[in-house]
Amino acid sequence: MSSTVETGKDKLTVAREMLGNLVDRRVLTALEVCVRCGICTESCHYYQSNPKTEHTPYYRAEMVRRLYRRFFDPMGRAFPRWVGVKESTNEILSKLAEIAFASCTLCHRCTFACPFGVETAEIMRIMRSIATATDNAPEMLVELANAAIAKEENAELFRDIYRDQVKELEKEVQDRLGSSKARIPVEEKGARMLYVPLAGAHTIIPQAILFNAAKESWTLGMFESSNYAVFLADDIKSKRITGRVIKEAQKLNTEEIIVTECGHGYTTMRWEAPKWFGQLPFRVRSILEVVDEYVREGRIHLDSSKNGQPTTYHDSCNLGRKGGIFDEPRRVIRAAVKDFREMTPNRLESYCCGAGSGLVAEPEWMDIRMQAGKLKAEQVQHTGASLVITSCDNCRQQIGDLSEHYGLNVEASSVSELAVKALA
Amino acid sequence: MSILQMVPAGIALVGAVIFVVGVVYILVAAQRRPYLSELAPIKRSPGLGVVYAFTLGMAPWAKESARRHWIAYIRGIIIHVGIFVAAAFLIASPWLAQMVLPLRISLAALFGVGAVLGMAGFRIRLADPTMRLLSTPDDYFSLALVTLFLASGAASAIKPDFLPAFWAISGITLAYAPFGKIKHFIYFAYERVFIGLFFGRRGVLEWTHE
């Protein structure tokens, strides 16, 4: 994706061209089918937490529709006011960049509230693309995406440091399992699984304990699962960042890529990557599916008496509503705790934590995401749980921050960490 | 056929031609847009997802919004059933005299209720500040057209003297449909298919709801 700076075109021209190119049949349908009935209003966590017009899904999408009608709809071109185009295109554009990044977490919840199934999140994704190409995207997300690409370009600089750090983590795993044979292999050719963590020990140590306990053939690579270009809806950079892991898996000749508890990382690798690379020569699964399989097959044994505190589960939008992973974490949690309590609503109708789609990465948006997460905080409180399990690192950080902000006094943890605590 | 009947009948026919051409144009234009097929291995059947999207996925208990706003849900169902039946009635209307009275009364009742609920749409749109802000002249005009379409259908089902008015209003409604908001009906099936395929293959759609 080229930015306006690179192309020398004005923002309006870039927006028009991109809107023309990016609106495929699915997005066209989402743009045209809405009748502005407003029934989606309460489905949005932004609106529920702060009820105002700008927080309704149909307001957000309507802003993009106005831009689209102004450029492409015969009626909109001939009689813009008749179809609601009141503002100038420049005014709409500047509003939209903020709406697309800070007022919608692309959670897709409103899609299931709409009688037609309008995919407002897909419309917002197009808008993020346009904002990115017109240099209106949040700087932090751009920097993080660029850093991931730079890491691949300079992998040799990091390799030895990374291996040394992993050796230190390996000692912790050995201590925990009481076995000097426990290992954290790095770039080991022929391993059955390439496990892709995040850039933190909390996404390596628990999983390494579980892999060792299950006697799995696995290895770490050099790269992590997070892909900030996905939040920018920048397909070129997203493909490049995802491609790092795919190249690794091919080089190491693994049979599977296992993505850590990371919502967008899983969805991108499992569902989006084949659009860019064609069908992948290996299976892609979430660590949740793997741990669930270990429990069901008896490769690890969990003792629920080790976790007595009331526990609830937050469905990550990417893993649940966009990835179909609802049952797997619940089966593991039920095997690992004595007192499991569902939030209401949950699963398909679960509310976003308020930090999805990159919001958690931008420090300036702390107030926005604390407000957007108010509903989730209330849900957690209603369960009476003191432990909140979530399968996405963004959600986990948000639940922790919400706990502090709203005085919930809950601990946020992951499915893998919970399973490790329950290991018999 | 008198001149008072021929002119409205002509309007209806011209409207129908514009409607068909407009719908075909929209469908061709939509088909020309690219469609990115998902290539990832499926988790569950996309075909079953489409079946779900057109059946249980539209059931009131499957949608939080319908559970919360069940009156709006029922209103929408009645208006849309009324419009589709009224469209069939329009085609059959030259043979109105051959329809039995109980059928005509039933149709009039359906169209009449639909028209009243259509009129209620103006109140709903104007009463809610967000809806008022986002509603366009096209929204009000389209709502007025379908309300008149249903009202004139109800009147003519009872009293055939109203048929010319029904034909004229139908012609205008049909001619406008491909240009304004009414065209959403063309995209409805597309949207349900996309929802079914996309979320179905990912194993997201839940056949039972807790």
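Residues numbered from 1 in each chain as written. Chains lettered and ligands numbered in written order. Predicted model: local features only at pLDDT ≥ 70, side-chain atom pairs only at ≥ 80, totals over all residues.

Asks: What should I look at first to understand the overall build of chain A in this one?
Replies: Counting its secondary structure elements, chain A contains 21 helices and eight strands. Each principal axis of the C-alpha atoms in chain A carries an extent, and together these give about 75 × 50 × 35 Å. Taking all 424 residues of chain A together, the buried fraction comes to 57%. Considering only contacts in chain A between residues 6 or more positions apart, those separated by 24 or more positions represent 79%. (Helix = DSSP H or I, 4+ residues; strand = E, 2+ residues; numbered from the N terminus. Buried ≥ 20, exposed ≤ 12 C-beta atoms within 10 Å, placed from the backbone. Contact = placed C-beta atoms within 7 Å.)

Asks: Looking at this structure, how should I read the interface of chain A and chain B?
Replies: Interface size is commonly expressed as the accessible surface area that is lost when the partners come together. Counting residues at the interface gives 45 residues for chain A and 44 residues for chain B. Sort the elements by how many residues they give to the side of chain A that touches chain B and helix α3 (residues 25-33) of chain A lands first, with six residues. A per-class count over the side of chain A that touches chain B returns 20 nonpolar, twelve polar and 13 charged. (Nonpolar A, V, L, I, M, F, W, Y, C, P; charged D, E, K, R; others polar.)

Asks: Just to check I follow, could you spell out the sheet that holds strand β3 (residues 256-259) of chain A for this structure?
Replies: In a beta sheet, neighbouring strands are held together by backbone hydrogen bonds and run either parallel or antiparallel to one another. All names here are of chain A. A sheet is described by the order of its strands in space; here four strands give the open sequence β2-β1-β3-β4, paired in parallel fashion. Looking at strand neighbours, the two that pair on one side only are β2 (218-220) and β4 (283-286), the edges of this open sheet. When the angles between neighbouring strand axes are averaged without regard to direction, this sheet yields 30°. Both strand β1 (residues 193-196) and β3 contribute to a ladder of four bridges, which runs parallel. The residue bridging valine 196 from the neighbouring strand is valine 259, located in β3. Packed onto the sheet, helix α15 (residues 263-277) meets β3 and β4 and runs at close to 160° relative to β3. (Pairing = 2+ DSSP bridges. Axes fitted to C-alpha atoms, helices over the stretch in contact; angles between N-to-C directions.)

Asks: How do you make sense of the sheet that holds strand β5 (residues 311-314) of chain A when you look at a structure like this?
Replies: Residues and elements named next belong to chain A. Taken in spatial order, the four strands of this open sheet run β6-β5-β7-β8, and their pairing is parallel. Taken across any chain shown, the strands that pair with only one partner, and hence form the sheet edges, are β6 (340-341) and β8 (411-413). Pairing geometry for β5 and strand β7 (residues 387-390), over four bridges, is parallel. From the neighbouring strand, tyrosine 313 faces β7, where its bridge partner is isoleucine 389.

Asks: Please explain the domain arrangement of chain A as it appears in this structure.
Replies: All names here are of chain A. The assigned domain composition of chain A is domain 1 (4-136), domain 2 (141-295) and domain 3 (302-422). Each of domain 1 and domain 3 was reduced to a C-alpha centroid, and the two centroids are 30 Å apart. Across the boundary between the two partners, domain 1 contributes twelve residues, which contact 17 residues of domain 3. Residue assignment for the side of domain 1 that touches domain 3 shows that the elements contributing at least two residues are α4 (45-49) and α8 (109-113). Examining the composition of the side of domain 1 that touches domain 3, we find that four residues originate from one element, α4, more than from any other. Looking at side-chain class alone, the side of domain 1 that touches domain 3 contains five nonpolar, six polar and one charged residues. (Domains from an automatic or database assignment.)

Asks: What is the right way to read the environment of isoleucine 209 of chain A from this model?
Replies: Residue and element names in this part refer to chain A. For isoleucine 209, the position within the fold is in helix α12 (residues 205-213). Residue isoleucine 209 is classed as buried on the basis of its C-beta count, with 23 C-beta atoms lying within 10 Å. Along the backbone, isoleucine 209 and leucine 28 are 181 residues apart, and their C-alpha atoms lie at a distance of 47 Å. Filtering out sequence-adjacent residues up to four positions away, isoleucine 209 remains in contact with Val173, Arg176, Leu177 and Val420.

Asks: So what exactly am I meant to see when it comes to helix α19 (residues 374-383) of chain A here?
Replies: Because each turn of an α-helix spans 3.6 residues, side chains separated by three or four positions in sequence point in the same direction. Residue and element names in this part refer to chain A. Of the residues making up α19, those classed as buried are Lys376, Ala377, Gln379 and Val380. Along the axis of α19, the buried residues cluster in a sector spanning 160°; they form a single face. In this fold, the buried residues of α19 make contact with β5, β7 and α20 (393-406). Backbone geometry just after α19 places glycine 384 at a positive phi near 75°. (Arc of directions from axis to C-beta.)

Asks: It is not clear to me how the pairing of β3 of chain A should be interpreted in this structure. Could you clarify?
Replies: Look at any regular strand and the pattern is simple: side chains alternate between the two faces of the sheet. Residues and elements named next belong to chain A. When β3 meets β4, the two strands line up parallel, connected through four bridges. If you follow isoleucine 257 over to β4, its bridge partner there is valine 284. Handedness of the crossover is the feature at issue here: the chain leaves β3, passes through α15, returns alongside β4, and the resulting connection is right-handed. (Right-handed = clockwise from strand over helix to strand, strands pointing away.)

Asks: Looking at this structure, I do not really get the packing of helix α16 (residues 287-297) of chain A against helix α21 (residues 415-422) of chain A. What am I missing?
Replies: A pair of packed helices can be characterised by two numbers: the angle between their axes and the separation between those axes. All names here are of chain A. The N-to-C vectors of α16 and α21 enclose an angle of 25°; their axes lie 10 Å apart at closest approach. In terms of orientation, α16 lies roughly parallel with respect to α21. For the crossing formed where α16 meets α21, the hand is left-handed. Contacts between α16 and α21 pair Ile287, Leu288 and Val291 from the former with Val415, Ser416 and Ala419 from the latter. Classifying every residue of the contact of α16 with α21 gives five nonpolar, one polar and no charged. (Parallel < 35°, antiparallel > 145°, perpendicular 65-115°, else oblique. Left-handed = near helix turned anticlockwise from the far one by under 90°.)

Asks: Looking at this structure, I do not really get the packing of helix α7 (residues 137-158) of chain B against helix α8 (residues 163-176) of chain B. What am I missing?
Replies: Residues and elements named next belong to chain B. It is at 9 Å that the axes of α7 and α8 come closest, and there the two elements cross at 155°. By the angle between their directions, the pair α7 and α8 is classed as roughly antiparallel. Of the two elements, α7 crosses α8, and the hand of that crossing is left-handed. Facing Leu145, Val146, Leu148, Phe149, Ser152, Gly153 and Ser156 of α7, the residues of α8 in contact are Leu163, Ala165, Phe166, Ile169, Ser170, Ile172, Thr173 and Tyr176. Looking at the contact of α7 with α8 residue by residue, the class counts come to ten nonpolar, five polar and no charged.

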